[in-house]
Amino acid sequence: VQLQASGGGVVQAGDSLRLSCAASGRTFSSYRMGWFRQAPGKEREFVAAISWSGGSIYYADSVKGRFTISRDNAKNTVYLQTNSLKPEDTAVYYCAASKSTIVPLSFPRQYDYWGQGTQVTVSS
């Protein structure tokens, strides 16, 4: 599976962005998908994850209520709607695909494939 993330940009606090992650291959629907982010000098941190059907969703506490993960298996794409952005949300956002069955899929080591990342910068 090859992943291509897009949709990042430079926004002001309170704005929204919709990140997309397009996957190649016909087995996309069999993967659980996740979003992580990494700020300069910090470790990569979990943001959100979604099961293959979309029936199970998990969020980091820091984004709960502001971010929404979703997927469209017909389009081989997973989305991250980010609302009410804060300066502390500034990071490179990565999408990833996992075959792991251990929830909530919040550890990078659970993921098998990674996209190249898209930069989100939130100014105050």
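Given the structure is predicted, the values throughout are model-derived calculations rather than measurements.

For the rest of this paragraph, the subject is the environment of Ala23. In this fold, Ala23 is placed in strand β3 (residues 17-23). Sequence-wise, Ala23 and Ala96 are 73 residues apart; in three dimensions their C-alpha atoms are separated by 9.7 Å. With residues up to four places along the chain from it excluded, the contact list for Ala23 reads Val1, Gln2, Leu3, Phe28 and Asn76.

For the rest of this paragraph, the subject is the nonpolar core. One finds Met33, Trp35, Val47, Val78, Leu80 and Tyr93 to be the most contacted residues of the largest nonpolar core, which totals 34 residues. Secondary structure elements with two or more residues in this core: β1 (3-6), β3, β4 (32-38), β5 (45-50), β7 (67-72), β8 (77-82), β9 (91-98) and β11 (118-123). Residue contacts for Met33: discarding those within four places in its chain leaves Leu3, Cys21, Phe28, Ala48, Ala49, Ile50, Ile69, Arg71, Val78, Ala96, Ala97 and Tyr111.

This part takes up the pairing of β11. Side chains Thr118, Val120 and Val122 of β11 all project onto a buried face; the interleaved residues Gln119, Thr121 and Ser123 project onto a face where none is buried. In this sheet, β11 lies alongside strand β2 (residues 9-12) in parallel orientation, the contact comprising 4 bridges. What sits directly across from Val11, in β11, is Val122. Two strands pair when backbone bridges link them, and β9 and β11 are joined in this way by 3 bridges, in the antiparallel orientation. The partner of Tyr93 across the bridge, within β11, is Thr118.

Rules behind the numbers
Residues numbered from 1 in each chain as written. Predicted model: local features only at pLDDT ≥ 70, side-chain atom pairs only at ≥ 80, totals over all residues. Heavy atoms only, no water. Helix = DSSP H or I, 4+ residues; strand = E, 2+ residues; numbered from the N terminus. Contact = heavy atoms within 4.5 Å. Core = buried A, V, L, I, M, F, W, Y, C linked by side-chain atoms within 4.5 Å. Buried < 20%, exposed > 50% of the residue type's maximum accessible area, 1.4 Å probe, protein only. Pairing = 2+ DSSP bridges.

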